[in-house]
Amino acid sequence: MTTELTAPHPAAPAVAGHRWRWIALAVILTAEVMDLLDVLVTNLAGPAIRADLGGSPTVIQWIGAGYTLAMAVGLVTGGRLGDLYGRRRMFLIGVLGFTAASAACALAGSPGTLIAARVAQGLLGALLLPQGLGLIKEMFPPEQLAAAFGAFGPVMGISAVGGPILAGWLVDADLAGTGWRAIFLINVPLGLLAALGAARFLPASRPGHATRLDLPGVALLSVAVFLLVHPLVQGRELGWPLWSFAMLAGAVVVLAVFARYEQRRQRAGRDPLVVPALFRRRAFTGGLVAGLAFFTALAGFSLVFSLYLQLGLGWSPLRAGLAGVPQALGMVAAFVLAGAGLAQRLGRRLIHLGLAVVLAGVAGMLLTLTLAGADVTPWRMTPALLAVGFGMGLVMAPFFDIVLSGVEEAETGSASGTLTAVQQLGGALGVALLGTVFFDGLTDSVSHAVRVTLLAELGLLLVTVAGAFLLPRRAREGVGGGH
């Protein structure tokens, strides 16, 4: 799931707006739903996929991490390709490619093939999703922008609640023998519908100015994140060999090379992938630390909760999907409250309030699972899950706006793209790190595994609390405008 708030180069919308703007908005929302569903449903279907295709437990981790890693390194470049070659064209290429990659996922006959198709999905999603924000700002007059962006909340909320239920039902129903493959096949009609809508209703205009691509920077960043995530996923299974620690150290070295390269590129008058001056902004560096820890915790909790219910308690995918509904409802309720003015009134305090609620929810889940053991029921977990979801929604609602308030206006585009990429990287790290903690704990027992993972979750949330103190006290007027 991608949250993006500020377009790198928003085009000035015409006063009257694009004729087909509301239908075009529905097309863009369809693409967003495809991305959100692909993040949510694979966590739920992971055990069924592994049971069918075989492989080690790391297959479940790579199915999620491959997608989010590819999207993380491609997002900023994806937005710039829209600036260079036209947003509608890149949207069409992205949605058709994403649809084809989804079909490849559904037809995969081995874990390696499925993971490769997931990486392709992530890269094409990184091309597809950034175009939506720029297109909306291009199509709608200023007085309708708030209503256009406001449509994202209900649609994403319905998807968050219904997606896991739909995925669980599809896996359990085994329609025409498709089993887990149906969760990817459902993207095919959605993607084709979005492509037809894009060709007919999206405007074909091209922005008047575009930044140049920083392909060496993308390559360096891709190598760095691979060196970071690969040993976290594979190291445990292989007994943490020396090369796993060497790769982690190599990630730090490559990140340092990337930073130096970006500085030299900017001094030479070329466009860097990430503006180096951002890292001298306390709010931005604090936002990176807090955001990385928070989104790692968010993604890791979702994966481990699903694994615990299915592998530990033996629940079906549908029952596991239904059990997660309170968390999704809590998140939706928090977004509604924040959008009703709570975010503007409380500013940074809302982030800390949300984190306190999440901490209470995770602690409550730890207590519930410890006391109930194998006798736990969905109703006994509901209060803790509601608190986790509600708190996470309170954190996410103002987070991007507040972080972006700590950077200069000219740096907002680069900062927004970097934060969105960090959100995706956090998703990959959550699957890699907390998934590894969970599977490592399975050598003792499932109950031990989930307790240790929830303790690690609490640690990540405390890091988020500390990082959030570096953020501005409230958002700057006019910074947001996204979802």
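Everything numeric in this text was worked out from a predicted model, so none of it was measured. (Residues numbered from 1 in each chain as written. Predicted model: local features only at pLDDT ≥ 70, side-chain atom pairs only at ≥ 80, totals over all residues. Heavy atoms only, no water.)

## Observations concerning a positive patch on the surface
Moving on, step 1. The grouping of Arg 282, Arg 349, Arg 473 and Arg 474 at the surface amounts to a positive patch.
Moving on, step 2. Residue position: Arg 349 is located in helix α14 (residues 348-372). (Patch = residues over 30% accessible without salt bridge, like charges linked within 9 Å, V, L, I, M, F, W, Y side chains within 5 Å. Areas by Shrake-Rupley, 256 points an atom, 1.4 Å probe, with all protein chains shown as cover. Salt bridge = Lys/Arg side-chain N within 4 Å of Asp/Glu carboxyl O. Lys, Arg positive; Asp, Glu negative; His and termini not counted. Charge placed at Lys NZ, Arg CZ, Asp CG, Glu CD. Helix = DSSP H or I, 4+ residues; strand = E, 2+ residues; numbered from the N terminus.)

## Here's the deal with the nonpolar core
Moving on, step 1. Among the nonpolar cores identified, the biggest contains 99 residues, and Leu 114, Met 365 and Met 381 are the most heavily contacted of them.
Moving on, step 2. When residues of this core are assigned to their parent elements, the largest contribution, 14 residues, is made by helix α11 (residues 282-312).
Moving on, step 3. In this structure, Ala 24, Phe 98, Phe 140 and Phe 149 belong to the second largest nonpolar core, which totals 30 residues. (Core = buried A, V, L, I, M, F, W, Y, C linked by side-chain atoms within 4.5 Å. Buried < 20%, exposed > 50% of the residue type's maximum accessible area, 1.4 Å probe, protein only.)

## Some details on the packing of aromatic side chains
Moving on, step 1. Under the criterion given, the structure shown has twelve aromatic pairs.
Moving on, step 2. Arranged with centres 5.6 Å apart and planes meeting at 80 degrees, the rings of Phe 279 and Phe 284 form a pair that is edge-to-face.
Moving on, step 3. Note on Phe 279: relative accessible area 41%, which makes it partly exposed.
Moving on, step 4. Each ring, one from Phe 294 and one from Phe 295, has its centre 5.3 Å from the other, and the planes form 75 degrees; the classification is edge-to-face.
Moving on, step 5. Feature note: the residues Phe 294, Phe 295, Phe 399 and Phe 400 constitute an aromatic cluster, connected by ring pairs.
Moving on, step 6. The ring of Trp 315 carries Arg 319 above its face, with NZ or CZ at 3.9 Å from the centroid. (Phe/Tyr/Trp six-rings, centres within 6.5 Å; stacked < 30°, edge-to-face > 60°. Lys NZ or Arg CZ within 6 Å of the ring centre and 35° of its normal.)

## Some details on helix α8 (residues 187-201)
Moving on, step 1. Compared with an ideal rise of 1.5 Å per residue, which puts 15 residues at 21 Å, α8 spans 20 Å between its outermost C-alpha atoms and is within 8% of the ideal.
Moving on, step 2. By the burial criterion, the buried members of α8 are Asn 187, Gly 191, Ala 194, Ala 195, Gly 197, Ala 198 and Phe 201. Projection of α8 onto a plane perpendicular to its axis shows the buried side chains occupying an angular sector of 165 degrees, all on one side. Facing away from the buried surface of α8 by more than 90 degrees, the exposed residues are Pro 189, Leu 193 and Leu 196. (Expected span 1.5 Å × (residues − 1). Arc of directions from axis to C-beta.)

## Concerning the packing of helix α2 (residues 58-85) against helix α9 (residues 215-234)
Moving on, step 1. The interhelical angle for the contact between α2 and α9, taken along N-to-C directions, is 165 degrees, at an axis separation of 11 Å. As judged from the angle between their axes, α2 and α9 are roughly antiparallel. For the element pair α2 and α9, the recorded crossing hand is right-handed. Contacts between α2 and α9 involve Thr 58, Gln 61, Trp 62, Ala 65, Leu 69, Val 73 and Thr 77 on the former and, on the latter, Val 218, Leu 221, Ser 222, Val 225, Val 229, His 230, Val 233 and Gln 234.
Moving on, step 2. Of the residues contributing to the contact of α2 with α9, the split by class is nine nonpolar, six polar and no charged. (Axes fitted to C-alpha atoms, helices over the stretch in contact; angles between N-to-C directions. Parallel < 35°, antiparallel > 145°, perpendicular 65-115°, else oblique. Left-handed = near helix turned anticlockwise from the far one by under 90°. Contact = heavy atoms within 4.5 Å. Nonpolar A, V, L, I, M, F, W, Y, C, P; charged D, E, K, R; others polar.)

## Comments concerning helix α1 (residues 21-53)
Moving on, step 1. Along α1, the sharpest change in direction is near 55 degrees and occurs at Ala 45; proline Pro 47 comes one to four residues later.
Moving on, step 2. A positive backbone phi angle near 85 degrees is found at Gly 54, which sits one or two residues after α1. (Bend = angle between axes of the 7 residues up to and from the residue.)

## Here we look at the confidence of the model for the protein
Moving on, step 1. The share of residues in the protein with pLDDT of 70 or more is 93%, and the mean pLDDT across the chain is 85.
Moving on, step 2. Every residue in residues 4-15 scores below 50 in pLDDT, and together they form 46 contacts with partners more than four places removed in sequence or on other chains. (pLDDT = per-residue confidence, 0-100.)

## Thoughts on the environment of Thr 368
Moving on, step 1. With respect to the helices and strands, Thr 368 occurs in helix α14.
Moving on, step 2. Ignoring any residue separated from it by four or fewer positions in sequence, one finds Thr 368 in contact with Gly 373, Val 376, Arg 380 and Met 381.
Moving on, step 3. Polar contacts involving the side chain of Thr 368 include one to the main-chain carbonyl oxygen of Gly 364, which spans 2.8 Å. (Polar contact = N/O pair within 3.5 Å; in protein donor to acceptor, adjacent residues only side chain to side chain.)

## Side note on a nonpolar patch on the surface
Moving on, step 1. A surface patch of nonpolar side chains, amounting to about 260 Å² of accessible area, comprises Leu 166, Trp 169 and Leu 175.
Moving on, step 2. With respect to the helices and strands, the residue Leu 175 is situated in the loop between α6 (152-173) and α7 (182-185).
Moving on, step 3. Given the relative accessible area of 38%, Leu 175 is considered partly exposed.

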